[in-house]
Amino acid sequence: MNRKDFIILDQKIYDRPLVYFDNAATTQKPEIVINAMSDYYRTINSNIHRGVHYLSQRATDQFEIARQRVRAFINAANNHEIIFTRGTTEAINLVASSFGKAFLCAGDEVIITEMEHHANIVPWQMICEERGAKVKALSFDSRGVLEAEKLESLITEKTKIVSIAHISNALGTINPIKQIIEIAHRHDIPVMVDGAQAISHAKVDVQELDCDFYCFSGHKMYGPMGIGVLYGKEKWLDKMPPYQGGGEMIKKVTIEKTTYADLPFKFEAGTPAVGDAIGLEKAIEYMENIGIEKIANHEEELLQYGVAKMQELGGIDFVGTAPDKTAIISFNFKGIHPYDAGVIIDRMGVAVRTGHHCAQPVMDHFGIPGTIRASFALYNEKWEIDMLIEALKKVKMMFG
Ligand code: PMP
């Protein structure tokens, strides 16, 4: 589907057509995104918000149009609840640091899950250490399904926030975030959702979910690296101190004291990634033109096809077999180190990721060093899965 829009895919590596199955790490960018960014630098590049001159005003308009597009895409109530960040990692660090400073005290608790990416573990550990608070984690079962029913018993009067991945990057599990949010809200606890793996595969409506924070990265949704989004409910963002200080985020500065700008600028210190925001806007337009549901159905078809072919091949342990999962196949060959398998798969022209996928607690849970991960995007096709299977046969032959 739409493979031709992604010129990078039209190349041979090791004399074989490139098969790119590392989409959970980053997706490729369609021409419309690359062109929008180069057009920006060719025609209107200028620093924003501060200038009265023509280019600055045009760049500012485009940047704010991008914010508006993001707002509509996730159905946030207000533009000022959309904060541009460098990516998911920065968004979570922002909330952990800023929410933590405002609301976490000694003895308080933060609940995450055992299937989080390190980006949704380490920032919470850092702030908890600083504030004398504690991180607790919700467990998952042998299929990689979150034990959501245990959340209630983890919550205490000391719990201040729950932070959870919408979709696990290591397992592909789609978490029941609506249920989690409902449980947490019954106890007046806000919920942050790490949407890095969900945003390009599922329709996200932050008002319908009623999440308090939601974040994602542009580069995992056919947009550029260096830009991401933090959605936060105004009622929380208003009460949180700025994450960084500098230009753009102030109302008035004297040597003695600074008053801060209103949302969203309070959280956008310094020159933002204007060209990247414009690229992200185009990536959203691109996905919307195809239709998120159509993308999800296509990826689901690839997932079913891939799993069936791998089952046929045999000798494979699937890591993450939740009934509700996205187009990520994490697996190991019995008795073969994922890294050794990965080297051979690469030589067959297929890009997969091997390792712990920045989710070491998931690997510890299963007692494995890592997995091989094939993750699909809208431009992948069934013949590419056939090439992966061919590569897997080679791995079996060489190590089997
Ligand atoms: N959370 C999840 C679930 C992810 O998959 C990733 C990226 N692998 C991140 C957070 C971090 O995203 P980024 O590196 O774009 O900040």
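Please refer to the structure placed before this passage.
Residues numbered from 1 in each chain as written. Predicted model: local features only at pLDDT ≥ 70, side-chain atom pairs only at ≥ 80, totals over all residues. Heavy atoms only, no water.

Along the protein, the regular secondary structure elements total 13 helices and 17 strands. A principal-axis box enclosing the C-alpha atoms of the protein has dimensions of 70 × 55 × 35 Å. Within the protein, the fraction of its 400 residues that count as buried is 56%. Within the protein, counting contacts between residues at least 6 apart in sequence, those at least 24 apart form 71% of the total. Total accessible area on the protein stands at roughly 16700 Å², and carbon and sulfur atoms take up 51% of it. Considering the protein, the positive charge centre built from 43 side chains and the negative charge centre built from 52 side chains are found 2 Å apart. (Helix = DSSP H or I, 4+ residues; strand = E, 2+ residues; numbered from the N terminus. Buried < 20%, exposed > 50% of the residue type's maximum accessible area, 1.4 Å probe, protein only. Contact = heavy atoms within 4.5 Å. Areas by Shrake-Rupley, 256 points an atom, 1.4 Å probe, with all protein chains shown as cover. Lys, Arg positive; Asp, Glu negative; His and termini not counted. Charge placed at Lys NZ, Arg CZ, Asp CG, Glu CD.)

Attention now moves to the pattern of salt bridges. On inspection of all chains with the given rule, the structure shows 23 salt bridges. A salt bridge links aspartate 141 to arginine 143; its shortest N-O distance comes to 2.7 Å. Judged by its relative accessible area of 18%, aspartate 141 falls in the buried class. Aspartate 262 is the partner of lysine 251 in a salt bridge, and the nearest nitrogen-oxygen pair spans 3.0 Å. In this pair, lysine 251 is assigned in strand β11 (residues 250-253) and aspartate 262 in the loop between β12 (258-260) and α9 (274-290), connecting sequence segments 11 residues apart. Overlapping salt bridges, with partners in common, bring together Arg69, Glu281, Lys282, Glu285 and Glu288 in one network. (Salt bridge = Lys/Arg side-chain N within 4 Å of Asp/Glu carboxyl O.)

On to the site of the ligand, then. Inspection of the region around the ligand gives Thr88, Thr89, His117, Ala119, Asn169, Asp194, Ala196, Gln197, Ser217, His219 and Lys220 as its neighbouring residues. One nitrogen or oxygen atom from the side chain of histidine 117 is found 3.3 Å from a nitrogen atom belonging to the ligand. Residue aspartate 194 places a side-chain N or O atom 2.5 Å away from a nitrogen atom belonging to the ligand. Protein chains bury 85% of the 400 Å² of accessible surface belonging to the ligand in isolation. Its residues assigned to classes, the shell around the ligand shows 2 nonpolar, 7 polar and 2 charged. (Near = heavy atom within 4 Å. Polar contact = N/O pair within 3.5 Å; in protein donor to acceptor, adjacent residues only side chain to side chain. Nonpolar A, V, L, I, M, F, W, Y, C, P; charged D, E, K, R; others polar.)

Our focus in this paragraph is the packing of aromatic side chains. Evaluated as defined, the whole model comprises 14 aromatic pairs. Note on phenylalanine 103 and tryptophan 236: the rings are 5.4 Å apart at their centroids and 85 degrees apart in plane angle, and the pair reads as edge-to-face. Taken together, the residues span a long stretch of sequence, with phenylalanine 103 in helix α3 (residues 88-103) and tryptophan 236 in helix α8 (residues 234-237) at a distance of 133 residues. Ring pairs connect the aromatic residues Phe6, Tyr222, Tyr286 and Tyr379, which therefore count as one cluster. Taking the ring centre of phenylalanine 73 as reference, the NZ or CZ of lysine 203 above it sits at 5.5 Å. (Phe/Tyr/Trp six-rings, centres within 6.5 Å; stacked < 30°, edge-to-face > 60°. Lys NZ or Arg CZ within 6 Å of the ring centre and 35° of its normal.)

Taken together, the buried positions of helix α11 (residues 338-347) are occupied by Pro338, Ala341, Gly342, Ile344 and Ile345. Down the axis, α11 shows its buried residues gathered within 165 degrees of arc, on one side only. Residues of α11 that are exposed and angled more than 90 degrees away from the buried face: Tyr339 and Arg347. Of the surrounding secondary structure, the elements contacted by the buried residues of α11 are β14 (328-333), β15 (350-351), β16 (353-355), β17 (371-375) and α13 (382-399). Positive phi shows up at glycine 349, right after α11, with a value of about 85 degrees. (Arc of directions from axis to C-beta.)

The next subject is the packing of helix α10 (residues 292-313) against α13. Direction vectors running N to C along α10 and α13 enclose 25 degrees, while the axes themselves pass 10 Å from each other. On the basis of the axis angle, α10 is roughly parallel to α13. As for how α10 packs across α13, the hand of that crossing is right-handed. Where α10 abuts α13, its residues Glu301, Leu302, Tyr305, Gly306, Lys309, Met310 and Leu313 lie against Lys382, Ile385, Asp386, Ile389, Leu392, Lys393 and Lys396. Classifying every residue of the contact of α10 with α13 by side-chain character gives 7 nonpolar, 1 polar and 6 charged. (Axes fitted to C-alpha atoms, helices over the stretch in contact; angles between N-to-C directions. Parallel < 35°, antiparallel > 145°, perpendicular 65-115°, else oblique. Left-handed = near helix turned anticlockwise from the far one by under 90°.)

The next subject is the packing of helix α1 (residues 31-44) against helix α2 (residues 54-74). Two elements in contact, α1 and α2, have axes separated by 10 Å at closest approach and are oriented at 160 degrees. When the axis of α1 is compared with that of α2, the two are roughly antiparallel. Only Leu55, Arg58, Ala59 and Gln62 of α2 make contact with α1, whose side of the interface consists of Tyr40, Thr43 and Ile44.

Our next topic: the environment of isoleucine 92. Position of isoleucine 92 relative to the elements: it lies in helix α3. Remark: the alpha-carbon pair of isoleucine 92 and phenylalanine 213, spanning 121 residues in sequence, is separated by 9.2 Å. Each residue touching isoleucine 92, except ones within four places of it in the same chain, is listed here: Ala119, Asn120, Pro123, Trp124, Met192, Asp194 and Cys215.

Attention shifts here to the nonpolar core. Among the nonpolar cores identified, the biggest contains 74 residues, and Ile74, Phe84, Tyr214 and Leu378 are the most heavily contacted of them. The leading source of residues in this core is α9, at 9 residues. Here tyrosine 214 is in contact with His166, Val193, Gly195, Ala198, Ile199, Val204, Val206, Leu209, Val229, Leu230 and Tyr231, once residues within four sequence places are set aside. Counting 28 residues, the second-largest nonpolar core is a separate cluster that includes Leu303, Met310, Ile336 and Ile389. (Core = buried A, V, L, I, M, F, W, Y, C linked by side-chain atoms within 4.5 Å.)

Here we come to the side chain of glutamate 81. Along the chain, the position of glutamate 81 falls in the loop between α2 and β4 (82-85). Separated by 2.8 Å, the side chain of glutamate 81 and the backbone nitrogen of glutamate 234 make a polar contact.

This brings us to the environment of isoleucine 329. Of note, isoleucine 329 is situated in strand β14. For isoleucine 329 and methionine 310, which are 19 residues apart along the polypeptide, the C-alpha to C-alpha distance reads 9.9 Å. Setting aside anything within four residues of it in sequence, one finds isoleucine 329 in contact with Leu303, Gly306, Val307, Met310, Phe318, Ile372, Arg373, Ala374 and Phe376.

Read these as spatial facts, not as claims about activity.
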